[in-house]
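Inside the fold
The primary structure of each chain is shown beneath.
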Amino acid sequence: MEADTLRVLAGSAHPEAAPWPVFDPRVLDFLSDLSTALRASPLGTDAEAVSFAFWCRRSRLEALKKQYEGPIRLGRGLLFHIPPANVPLLFAYSLAVGMLAGCANLLRMSSRLEERGRMFCAVLDEVLSRPKHAALKARTGLISYPREEEDRTAALLLECDGRLVWGGDATVEAMRRFPARPGGVELVFPDRWSLCLMSEAHVAALSASELELLAHRFYNDTYLMDQNACSSPRLVLWEQDCPDGASARDRFWAALCRKAEDTYELTPYKAARKYEALCELAMTEPALGPVRREGNLLYRVSLTAPPADPDALHLAFGSFLEYEITSLGELSAFVTRRTQTLTCAGIAPDEAARTVAALGLPGIDRAVPVGQAMEFDVEWDGKDLIASLSRVIRC
């Protein structure tokens, strides 16, 4: 008899599926303890793990709970999660959202899980194994098995009341080949990309310390995830609102390069992929203009006109397209259905959001200040995740 290839990384292999109320006190207690445990673990120095621990602190969750007061809400039942492999700890947010929505959760983890992902699972399992959280452990499972075992995936999906599929178009298409339980809910997160909007006058007026802070925040939005996250900007649109815009742009990029020199590790693999992507873009994008390399850490790729296909601008590892605009109305030439986040510096996010609405743009679900691109929220890709994963009982 062949050995079972299923591995349990945390929790139970067969979670109980009974729905709980949204923001159940037992879930808030567990996430609060997990937050504390992460900060005390070796992951306490990992930026992404610390961000998650801060996100699920008790005070924030209590404030979030107030947004869903009113009608009685229960979770949908058991959710099947497919987290992405290229954003290491996104699975933690997916799990937390499922818990807060009152659902039991089964996560199929990638076999390519990074070391910090495995460390996170170990901390998670330790907290779940505490006697006070036995009820949560019984309804939570993080499992791993070969992707080729499609019969196992199909059987698990038929036991679940919903699915959350992260990881882009290919993953969504692959998972939709499997039948779902009638009446089950499906939330999918296909390929998305993001951009940044900066005022040249704003950058020109910054003090040296303010400029370094802006560069630091932009770095966190981009380099920390090698621009692989859907919310990491690939394109910077510069609003021409000062006489010497070129100097303002150069000033910003120089500050970003200094930040990267101090912090970023450009491995040979990243350098090769970065150059390969630039060469591919040069062969396919007619609007490609001059390219400026600040060492090998930063590529500035100018556009001479809006691109024919903004979705095809695949750059990463510190490569950024840039283009100058004279008004926010020009956003329409760059935004597609796949555009997710607009980060802003020198332009108020609410002003940018009103422009998106006035133009009737097919994309941009978030407008946030530079530095907040990676901040997860229960409203993601234009969807209210808690509302979608729970049901309302009217009375």
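Check the entry above for the structure.
As the structure is a prediction and not an experimental result, all values here were calculated from the model.

Below, the discussion takes up the overall build of the chain. Check the secondary structure of the chain and you find 14 helices and 17 strands. Here the C-alpha radius of gyration of the chain, 22 Å, is about what a compact globule of 395 residues would show, namely 21 Å. Seen through its C-alpha atoms, the chain measures out along the principal axes to roughly 65 × 55 × 40 Å. Looking at the chain as a whole, 52% of its 395 residues are labelled buried. Here the analysis covers contacts within the chain between residues at least 6 apart in sequence; of these, 75% occur between residues at least 24 apart. Surface accessibility of the chain: about 17,300 Å² in total, with carbon and sulfur atoms responsible for 52%. Charge centroids of the chain, computed over 44 positive and 53 negative side chains, lie 5 Å from each other.

Turning to the packing of aromatic side chains, a few remarks are in order. Evaluation of the coordinates by the stated rule reveals 23 aromatic pairs. Ring pairs connect the aromatic residues Phe52, Trp55, Phe91, Tyr93, Phe120, Trp166, Phe189, Phe376 and Trp380, which therefore count as one cluster. It is Arg57 that lies over the ring of Phe54; its NZ or CZ is 3.7 Å from the centre.

On a regular strand, each side chain points to the face opposite its neighbour's, so the side chains alternate between the two faces of the sheet. Of all six residues in strand S11 (residues 298–303), five are buried, a share of seventy percent or more. Inspection of the sheet shows strand S10 (residues 288–294) paired to S11 by five bridges, in the antiparallel sense. Each residue of the ladder has a partner; that of Val291, found in S11, is Val301. From the end of S10 to the start of S11, which pair antiparallel, there are three residues, and Gly295 there has a positive phi angle of about 65°.

The subject of this paragraph is the packing of helix H2 (residues 47–55) against helix H4 (residues 90–100). A pair of packed helices is characterised by two quantities: the angle between their axes and the separation of those axes. The geometry of H2 relative to H4 is characterised by a closest axis approach of 10 Å and an angle of 15° between their N-to-C directions. Relative to H4, H2 is oriented roughly parallel. Crossing angle aside, the handedness with which H2 passes H4 is right-handed. Every residue of H4 that contacts H2 at Glu48, Ser51, Phe52 and Trp55 is listed here: Leu90, Ala92, Tyr93, Ala96, Val97 and Leu100. The class makeup of the residues in the contact of H2 with H4 is eight nonpolar, one polar and one charged.

Further remarks concern helix H12 (residues 268–284). Helix length check: H12, at 17 residues, gives a terminal C-alpha distance of 25 Å against a target of 24 Å (1.5 Å per residue), a fit within 8%. Buried residues of H12: Lys270, Ala271, Lys274, Ala277, Leu278 and Leu281, and no others. Buried positions in H12, seen along its axis, are confined to an arc of 130° and lie on one side of it. With respect to the buried face of H12, the exposed residues turned more than 90 degrees away are Pro268, Tyr269, Met283 and Thr284. Structurally, H12 contributes buried residues whose contacts are with S10, S11 and strand S12 (319–325).

Moving on, we come to the pattern of salt bridges. Counting across every chain of the model gives 29 salt bridges. Between Glu212 and Arg258 there is a salt bridge; the shortest N-O distance is 2.6 Å. Of this pair, Glu212 sits in helix H10 (residues 208–222) while Arg258 sits in helix H11 (residues 245–263); the two residues are 46 residues apart in sequence, bridging distant segments of the chain. The class of Glu212 is partly exposed, set by a relative accessible area of 34%. Overall, Arg258 belongs to the partly exposed group, its relative accessible area being 37%. Note that Arg273 is salt-bridged to Glu276, the shortest N-O span being 2.6 Å. In this pair, Arg273 and Glu276 are both assigned in helix H12, three residues apart and thus about one turn of the helix distant. Note on Glu276: relative accessible area 36%, which makes it partly exposed. Each member of the salt-bridge network shares a partner with another, and the members are Asp250, Arg292, Glu294, Arg300 and Glu322.

Rules used throughout
Throughout this document, residue positions are counted from 1 along each chain, in the order its sequence is written. The model is predicted, so local features are restricted to residues of pLDDT at least 70 and side-chain atom pairs to those at 80 or more, both for listing and for counting; the totals for chains, interfaces and linings are taken over all residues. For the side-chain quantities, the full set of heavy atoms in the structure was used; hydrogens and water were omitted. The secondary structure listing takes helices from DSSP runs of H or I that are at least 4 residues long and strands from runs of E that are at least 2 residues long, numbered from the N terminus. We compute the radius of gyration over the C-alpha atoms and compare it with the globule rule, which gives 2.2 Å times the number of residues raised to the power 0.38. For each residue, the accessible area found with a 1.4 Å probe, counting protein chains only, is set against the maximum for its type, and the residue is called buried under 20%, exposed over 50%, and partly exposed in between. In what follows, residue pairs with any heavy atoms lying within 4.5 Å of each other are defined as contacts. Note that accessible areas follow from Shrake-Rupley with a 1.4 Å probe, and for residues the cover is restricted to the protein chains shown. In this count, Lys and Arg are taken as positive residues and Asp and Glu as negative ones, while His and the chain termini are left out. By convention, charge coordinates are those of NZ in Lys, CZ in Arg, CG in Asp, or CD in Glu. Any two of the Phe, Tyr and Trp rings considered here, Trp counted by its six-membered ring, make a pair once their centres fall within 6.5 Å; the pair's planes then place it as stacked at under 30 degrees, edge-to-face at over 60, or tilted in between. In this scheme, the term charge over a ring applies when either NZ of a lysine or CZ of an arginine sits within 6 Å of the ring centre and within 35 degrees of the ring normal. Only when DSSP finds a minimum of two bridges between them are two strands counted as paired. For every element, the axis is a line fit to its C-alpha atoms; helices are fit only across the contacting stretch, and the angle between N-to-C directions ranges from 0 to 180 degrees. With respect to orientation, any angle under 35 degrees is reported as roughly parallel, any angle over 145 as roughly antiparallel, any angle of 65 to 115 as roughly perpendicular, and every other angle as oblique. Left-handed describes a crossing whose near helix is turned anticlockwise from the far helix through less than a right angle; right-handed describes the clockwise counterpart. Nonpolar residues are Ala, Val, Leu, Ile, Met, Phe, Trp, Tyr, Cys and Pro. Charged residues are Asp, Glu, Lys and Arg, and all others, Gly as well, are polar. In this analysis, the expected span of each helix is defined as 1.5 Å times one less than the number of residues it contains. To obtain the arc, one takes the directions from the helix axis to the C-beta atoms. Here, a salt bridge means any Lys or Arg side-chain nitrogen found within 4 Å of an Asp or Glu carboxyl oxygen.

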